[in-house]
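The residues making up each chain are set out below.
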Amino acid sequence: MTLLDPAERSARGLATAAEATGRAADAPTTLLEESWRDFVFAEVWTRPGLPRRARFLVAMASAAICGLEDRELDDFVRGALTSNELALAELREAALHLAVYSGWGNGGRLDRSVSRVAAELGLPPAAVPPIRAEPWDPDLRIQQGHDEFAKVMTFPPGPPATPYLLGINNFVFGEMWRRRGLDEPSRRWITLVGVCESGADIPIKSHIHAAMASGNCKPDEMLEFCLQYGTHAGWPKASRMQMVVLEMIRKVQEGLPWHG
């Protein structure tokens, strides 16, 4: 029988915490703080099944939504920037994306955190293109949103027959998803946190299916996502997501739609 050294586990946790937060890790003083070191950072963040960039996106999005303190959110933003996993301009795009899928209040939490950490690190402002710089044809914007929806979700949208559906076509997919300052796989991870936190059955199932059917996220990465998400959202929510992920892995493999 092989025995693992708890001191090595703790050392790995402290080293990983320093990488993930962009600062020297504090020695834990409570049992809960020990669990951050010895499980969250030592065991979850070191797993190879999910790229570090994706872990940062999931951590920042869930930290902004799930009630973590500002300093904890700032830690993940700092870690993403100092490790060069994400650039400042990408984090500005991430805040906008999070606002759509979890509300502008939560998007604002992330945006303010990005501002605080950028000032702390002495970074110059990011060059982020405006949402619109030129006049546009509203019908063309709706058509562009329709086409982007079909590409992202892997099935066509319905007609924009209500104000809500019009907003999805003309802004969410007609403008935000078409912004190339943040790549599509990165947008997936933010979206998944937002829809998982919503508890809404159709968005959860359709987005989990689309993440894999599009090729943006691999099945093994989606299973790792459930674990990473669970450290902030809690095991009951992550358990539900794992059941949906397993269902959608099967459907994608069998060529079925999310509601097939």
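Throughout what follows, the structure given in this document is the object of discussion. None of the values given here were measured: they were computed from a predicted structure.

**Things to note about the overall build of the protein chain**
So, point 1. When you go through the protein chain residue by residue, the secondary structure sums to twelve helices and zero strands.
So, point 2. In sequence order, the secondary structure elements of the protein chain are arranged as α-α-α-α-α-α-α-α-α-α-α-α.
So, point 3. Summarising its shape, the C-alpha atoms of the protein chain cover approximately 60 × 45 × 25 Å along the three principal directions.
So, point 4. Here the protein chain, with 260 residues, has 45% of them falling under the buried criterion.
So, point 5. Contacts in the protein chain between residues far apart in sequence, at least 24 positions, make up 71% of those at least 6 positions apart.
So, point 6. Across the protein chain, the mean location of the 28 positive side-chain charges is 3 Å away from that of the 33 negative side-chain charges.

**Here's the deal with the pattern of salt bridges**
So, point 1. A complete count under the given rule lists 28 salt bridges for this structure.
So, point 2. Ionic pairing is found between Glu224 and Arg55, a salt bridge with its closest N-O pair at 3.3 Å. Note that Glu224 is positioned in helix 11 (residues 219-233) and Arg55 in helix 3 (residues 52-65), a separation of 169 residues in sequence.
So, point 3. For Glu224, a relative accessible area of 9% translates into the label buried.
So, point 4. Note that Glu247 and Lys251 form a salt bridge whose closest N and O atoms lie 3.2 Å from each other. Of this pair, Glu247 and Lys251 both sit in helix 12 (residues 235-253), four residues apart, which is roughly one turn of that helix.
So, point 5. On the accessibility criterion, Glu247 (24% relative accessible area) is partly exposed.
So, point 6. Put simply, Arg23, Asp26, Asp75, Arg78 and Glu120 are held in one network by salt bridges that share partners.

**Some remarks on the nonpolar core**
So, point 1. One finds Met60, Leu110, Trp189, Ile208, Met222, Phe225 and Tyr229 to be the most contacted residues of the largest nonpolar core, which totals 55 residues.
So, point 2. Not counting residues up to four positions away in its chain, the partners in contact with Met60 are Leu73, Phe76, Val77, Ala80, Leu86, Leu91 and Leu110.
So, point 3. Core analysis: the next-biggest nonpolar cluster, separate from the first, contains 13 residues, Val152, Met153, Phe171 and Phe173 among them.

**Re the packing of helix 9 (residues 184-198) against helix 11**
So, point 1. Put simply, helix 9 and helix 11 touch, their axes get as near as 11 Å, and they point 55° apart. Here helix 9 lies oblique to helix 11, going by the angle between them. The interaxial crossing formed by helix 9 with helix 11 has right-handed handedness. Mapping the contact onto sequence places Trp189, Leu192, Val193, Cys196 and Glu197 in helix 9 and Glu221, Met222, Phe225, Tyr229 and Ala233 in helix 11.
So, point 2. Residues belonging to the contact of helix 9 with helix 11 are distributed by class as follows: eight nonpolar, no polar and two charged.

**Structural notes on the side chain of Ser10**
So, point 1. Position of Ser10 among the secondary structure elements: in helix 1 (residues 6-21).
So, point 2. Classification of Ser10 as buried rests on a relative accessible area of 14%.
So, point 3. Once you skip the residues sitting within four places of it in the chain, Ser10 turns out to touch Arg37 and Asp38.

**Regarding the environment of Ile168**
So, point 1. Mapped onto the fold, Ile168 is located in helix 8 (residues 163-176).
So, point 2. Residue class for Ile168 comes out buried when judged on its relative accessible area of 17%.
So, point 3. Residues Ile168 and His146 lie 22 residues apart in sequence; the distance between their C-alpha atoms is 9.0 Å.
So, point 4. Not counting residues up to four positions away in its chain, the partners in contact with Ile168 are Phe149, Phe173 and Gly174.

Reading guide: rules and limits
Residues numbered from 1 in each chain as written. Predicted model: local features only at pLDDT ≥ 70, side-chain atom pairs only at ≥ 80, totals over all residues. Heavy atoms only, no water. Helix = DSSP H or I, 4+ residues; strand = E, 2+ residues; numbered from the N terminus. Buried < 20%, exposed > 50% of the residue type's maximum accessible area, 1.4 Å probe, protein only. Contact = heavy atoms within 4.5 Å. Lys, Arg positive; Asp, Glu negative; His and termini not counted. Charge placed at Lys NZ, Arg CZ, Asp CG, Glu CD. Salt bridge = Lys/Arg side-chain N within 4 Å of Asp/Glu carboxyl O. Core = buried A, V, L, I, M, F, W, Y, C linked by side-chain atoms within 4.5 Å. Axes fitted to C-alpha atoms, helices over the stretch in contact; angles between N-to-C directions. Parallel < 35°, antiparallel > 145°, perpendicular 65-115°, else oblique. Left-handed = near helix turned anticlockwise from the far one by under 90°. Nonpolar A, V, L, I, M, F, W, Y, C, P; charged D, E, K, R; others polar.

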